[in-house]
Amino acid sequence: MRFGKTLRESMYGPWKEQYIDYGKLKTMLREDRREDEDVPWTEDDENRFCDEVFNVQLEKVARFQERIVSGLRERAEVAFDKLKDMAPSDDRPKSDITTARLKELKAELDAVTNEVKELKKYSSANYTGFLKIAKKHDRKRGDRYKVRPMMRVSLSERGFNSEQAYSPLLTKLSLMYYAINQNLDEGEQGQPLDLDLENQQEVHNGERYTAHKFWIHTDNLLEVKTAILRHLPSLIYTRQAGKEPDGNEDPKITSLYFDNPKFETYNRKVDRQVDASSLRLRWYGQLDSQPDIFLEQKIVHENGTSEEKKFHIKSKYIKQFIDGEYKMEKTVQKMERQGQTAEAIESFKTTVEEIQNLIIKNKLEPILRANYTRTAFQKPSDDRVRISIDTDIAFIREDTLDRDRPCRDPQEWHRRDIDNSNMSYPFKNINQSEVSRFPFALLEIKLREEGGRKRPRWIEDLMVSHLVHPAPRFSKFVHGVASLFDDYVNHLPLWLSDLETDIRKDPQTAHDEEEQRKAQQAEDAMVVGSFLGGGAAAKMGSYIPTTSSPVGKSYLSERAARDARDARASLPPTAVNSHDDDMEDEGGATQNRGYGTLSSVFPGFSLSRYSRAKRQRAQLPEGVTKPEVWLKNAGPLQVEPKVWLANERTFLKWQHICILLGSLAISLYTAAGENFIAECMGIAYIVIAVMAGVWGYTMLHRRRDMIMERSGKDFDNMIGPLAVSAALMLALILNFVFSYQAAFARLEGSQLFNETEIVFPIGELV
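Keep in mind that what you see is a predicted model, and the values were worked out from it rather than measured. (Residues numbered from 1 in each chain as written. Predicted model: local features only at pLDDT ≥ 70, side-chain atom pairs only at ≥ 80, totals over all residues. Heavy atoms only, no water.)

Evaluation of the coordinates by the stated rule reveals 22 aromatic pairs. Between Phe263 and Tyr488, the aromatic rings sit 6.0 Å apart at their centres with planes inclined by 45 degrees, giving tilted as the arrangement. Taken together, the positions of Phe263 in the loop between strand 4 (252-259) and helix 9 (264-270) and Tyr488 in the loop between helix 15 (476-484) and helix 16 (507-532) put the pair 225 residues apart, joining distant regions of the chain. Seen in terms of ring centroids, Tyr317 and Tyr326 are 4.6 Å apart; in terms of plane orientation they differ by 25 degrees. Their pairing is stacked. In this pair, the class of Tyr317 matches that of Tyr326, namely buried. (Phe/Tyr/Trp six-rings, centres within 6.5 Å; stacked < 30°, edge-to-face > 60°. Helix = DSSP H or I, 4+ residues; strand = E, 2+ residues; numbered from the N terminus. Buried < 20%, exposed > 50% of the residue type's maximum accessible area, 1.4 Å probe, protein only.)

The residue Lys213 is located in strand 2 (residues 207-216) in this model. Lys213 sits 175 residues away from Ser388 along the chain, and the two C-alpha atoms are 9.8 Å apart.

Turning next to empty space enclosed by the protein. By the definition in use, this model includes six cavities of 30 Å³ or more. Size it by volume and the largest cavity reaches roughly 120 Å³. Of all the elements in the fold, those that place two or more residues in the lining of the largest cavity are strand 4, strand 8 (365-379) and helix 13 (416-419). (1 Å grid on protein atoms, 1.4 Å probe; cavity = no way out; pocket = protein on both sides within 12 Å on 5 of 7 lines; lining within 4 Å. Points joined across faces, edges and corners; volume = space filled by probe spheres on them.)

Residues Met729, Leu730, Leu732, Ile733, Leu734, Phe736, Val737, Phe738, Tyr740, Phe744 and Leu747 make up a contiguous nonpolar surface patch of about 1,100 Å² in total accessible area. Take Phe736: it is sitting in helix 24 (residues 719-759). (Patch = residues over 30% accessible without salt bridge, like charges linked within 9 Å, V, L, I, M, F, W, Y side chains within 5 Å. Areas by Shrake-Rupley, 256 points an atom, 1.4 Å probe, with all protein chains shown as cover. Salt bridge = Lys/Arg side-chain N within 4 Å of Asp/Glu carboxyl O.)

A word on a positive patch on the surface. Positive charge collects at one region of the surface, where Lys314, Lys316, Lys330, Lys334 and Arg337 lie side by side. The residue Lys316 is located in the loop between strand 7 (305-313) and helix 10 (318-322) in this model. The exposure class of Lys316 is exposed, given its relative accessible area of 55%. (Lys, Arg positive; Asp, Glu negative; His and termini not counted. Charge placed at Lys NZ, Arg CZ, Asp CG, Glu CD.)

Another aspect to go through is the pattern of salt bridges. By the definition in use, this model includes 28 salt bridges. Across the pair Asp219 and Arg504 runs a salt bridge, and its minimum N-O distance is 2.6 Å. One end of the pair, Asp219, is in the loop between strand 2 and helix 7 (221-229); the other, Arg504, is in the loop between helix 15 and helix 16, and 285 residues separate them in sequence. Of the residues examined, Asp219 reaches a relative accessible area of 48% and is grouped as partly exposed. Taking relative accessible area as the criterion, Arg504 reaches 41% and is therefore assigned partly exposed. Notably, a salt bridge pairs Arg369 with Glu398, separated by 3.1 Å at the nearest N-O pair. Of this pair, Arg369 sits in strand 8 while Glu398 sits in the loop between strand 9 (382-397) and helix 13, placing them 29 residues apart in sequence. As far as the burial class goes, Arg369 and Glu398 line up, both buried. Linked by salt bridges that have partners in common, Lys135, Arg139, Arg148, Asp486 and Asp487 make up one network.

Of note, the bond from Tyr425 into Pro426 is cis; its omega dihedral lies within 30 degrees of zero at 15 degrees. Mapping Pro426 onto the fold places it in the loop between helix 13 and strand 10 (435-437). Here Ser381, not a glycine, exhibits a phi torsion of approximately 60 degrees, which is positive. Structurally, Ser381 can be placed in the loop between strand 8 and strand 9. In this structure Ser381 comes out as exposed when scored by relative accessible area, which is 84%.

Take the packing of helix 4 (residues 99-141) against helix 6 (residues 167-184) next. Put simply, helix 4 and helix 6 touch, their axes get as near as 10 Å, and they point 155 degrees apart. Viewed along their axes, helix 4 and helix 6 adopt a mutual orientation that is roughly antiparallel. Here the hand of the crossing between helix 4 and helix 6 comes out left-handed. Counting all contacts with helix 4, which are made through Thr99, Leu102, Lys103, Leu105, Lys106, Leu109, Asp110, Val112, Thr113 and Val116, the residues of helix 6 involved are Leu169, Leu170, Leu173, Met176, Tyr177, Ile180, Asn181, Asn183 and Leu184. When its residues are assigned to classes, the contact of helix 4 with helix 6 shows 12 nonpolar, four polar and three charged. (Axes fitted to C-alpha atoms, helices over the stretch in contact; angles between N-to-C directions. Parallel < 35°, antiparallel > 145°, perpendicular 65-115°, else oblique. Left-handed = near helix turned anticlockwise from the far one by under 90°. Contact = heavy atoms within 4.5 Å. Nonpolar A, V, L, I, M, F, W, Y, C, P; charged D, E, K, R; others polar.)

Moving on, we come to helix 15. Of all nine residues that make up helix 15, eight are buried, and the element is covered over most of its length. Among the residues of helix 15, Lys476, Phe477, Val478, His479, Gly480, Val481, Ala482 and Leu484 are the ones counted as buried. On its buried face, helix 15 sits against strand 4, helix 9, strand 8, strand 9, strand 10 and strand 11 (441-448).

Further remarks concern the confidence of the model for the chain. Model confidence for the chain is summarised by a mean pLDDT of 77, while 73% of its residues fall at 70 or above. When pLDDT is averaged over each element of the chain, strand 4 comes out on top at 94 and helix 20 (residues 598-601) at the bottom at 41. Under a pLDDT of 50 for its full length, residues 762-766 has, in the predicted model, two contacts with residues more than four places off or in other chains. (pLDDT = per-residue confidence, 0-100.)

Counting residues in each nonpolar core, the largest one holds 76 residues, and the members touching the most others are Trp215, Tyr266 and Leu368. Counting residues in hydrophobic clusters, the runner-up holds 26 residues, among them Leu295, Met335, Val352 and Trp413. (Core = buried A, V, L, I, M, F, W, Y, C linked by side-chain atoms within 4.5 Å.)

The next thing to look at is the pairing of strand 8. Across the 15 residues of strand 8, 14 count as buried, placing the element largely inside the fold. Note: strand 3 (residues 234-235) against strand 8, two bridges, orientation antiparallel. Residue Leu235 lies in a different strand from strand 8, and its bridge partner there is Ala376. As paired strands, strand 4 and strand 8 are joined by eight bridges and run antiparallel to one another. Bridge pairing links Phe258 to Pro366 in strand 8. Sheet topology note: the strand 8/strand 9 ladder contains 10 bridges and is antiparallel. Bridge assignment links Arg369 to a residue of strand 9, and that residue is Ile396. Connecting the antiparallel pair strand 8 and strand 9 is a turn made up of two residues, with Ser381 showing a positive phi of about 60 degrees. (Pairing = 2+ DSSP bridges.)

All right, on to the side chain of Ser475 then. Checked against the element boundaries, Ser475 lands in the loop between strand 12 (469-470) and helix 15. Residue classification places Ser475 among the buried residues on the basis of a relative accessible area of 15%. Excluding residues that lie within four positions of it along the chain, Ser475 makes contacts with Lys269 and Trp495.

The structure is reproduced here in structure tokens:
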């Protein structure tokens, strides 16, 4: 179908005059006038066309879209204010909320929601129109000037077809719908509110997972990998990779997607139709190594969840299966010989039949190849958190749409020019118009849903960091078709405009934006929680801004201060004055507290009146009793043998030191003879040896008691080593000093004797 007809059929009546004038632009390009083919395309023609498409049509569509988006936000805020006014309070109980007012408010939300849907279609149609007319220009009149790159940048700067523009508005609408539906259907059990509207839910082996997708700029890829490796080990993803324990390369994955010449599967996925399904063949490594090939069908249900059906098939049977000539009879016979249950065999037959009927009914055939390198992270035997990073992503045409020059042999199910030559990324040996390389890496985080379990904090930090760019609806199949078959499709996905932007972010800016988003979401959820009552506000609206966040100084802090003032106003005057005095004492202590003070090093030792009163007023909530046994002390004592052995090794070390010092002391004392200094030093070393032995024995029993008592105190103690070291140093210094003095005294006595002999010769005296 030509895009002009598609555009006319998709126009929203009230906005008919605000769409791109596609026919006028085609006329300016002389697209439909064969008599003007010989007329040269002049500089004036180029200027008139560029002025019309950029300064007239693009400006008209952009301003209209901005005006509609602003109006929708204002209408959503008005509805939100009405919901605030209807919230129950002490003066107005919940029973006063009439059903008529709720239905009226819900009708307003329905009108806003329907207009958001129409705006999405409007944005998508105009975005596709501008890209197609730019491509027509470059193909027909682009000998000197190419306008499509400039058009992509202009559309990206204008925020056309961007998914980020709709998310906050849809989140607020979903909150209001949840609150209204809970009150209109009080008899039914309310489902928990899921604010994570952008990410898909998947079902694998009966377990539900939430999938989060992000783009990673190549500059940030290494940092993201190291951040993940701090918490999850790298996983050998395929059986082929597991055969090579010394291999350092991540596995190459190939997915072969199916569609028909009308691209009906693509259109259903782009339009997010109910029960839209996609089909692909998938294998790891090169095809000539005979890898396991799986035929997989992915179905997206009405509630947003997705489900996978797959089975293993050999390469020699794929073409026959696609043509309907083979129904996996040999696999069924093999299952029967293996003695598998009748339920498993019947389930396999049902899956095979459904997938084959899907292929034959929709005339599906291989249309697109996606090749990429995958790095997976997961703890062994723990699939609660599964992370994969796909790099070197390339999309390759695998179609036979052009019967004269097909990309794939119609008699084959895959391209032999690629698989027979073991061609790999970047695929430079094929026609480059048949290849599209994705500029970023793709991060996918799958979290298993568990009731009441929060996401790991490091996962939250990674998902909101400056290192990743959210792309919740990204699909390799959709992106590959939109990139390589844009002449055959009339709808383009939301994320294409983001490819022209720099997805790298300033860390501080990204942090501040995320804090603002969380604060706004928490405030909206708190309003809905107060409307529902029953403590829902505390559960839905809990948010604590970080110290560096500007939110800490914004409306959240003002609201907290206002609530505190209202609470104090309801107290008796004496209580308020006492509280003010306590706060003044605390404020003064905080301002005067500096480095080196006791309260700065040990906050529990604060002597302010507020701190003393707070410690005295500490009370447990109603129904909670002080435990008699700490949780860490509950249950039987289980100590690993290495803990006992470590304690005994430390004791043996001390005894080793004791024996060495004792042997030295006894040897010194025995060899001293009549040397008084040597005797004293021998006794000193004996005392030090005894002290080391006593200290080691004492610490052995003390640490054993700490292990038995499950004490939380530190096991290290520096007093003993310091005391022994100081005593040894002192003994050595004293030994040196006394020995030096004795040697000096002997030297003086020898000199005096020599002088006497010189004055009075021994011979004369005799």
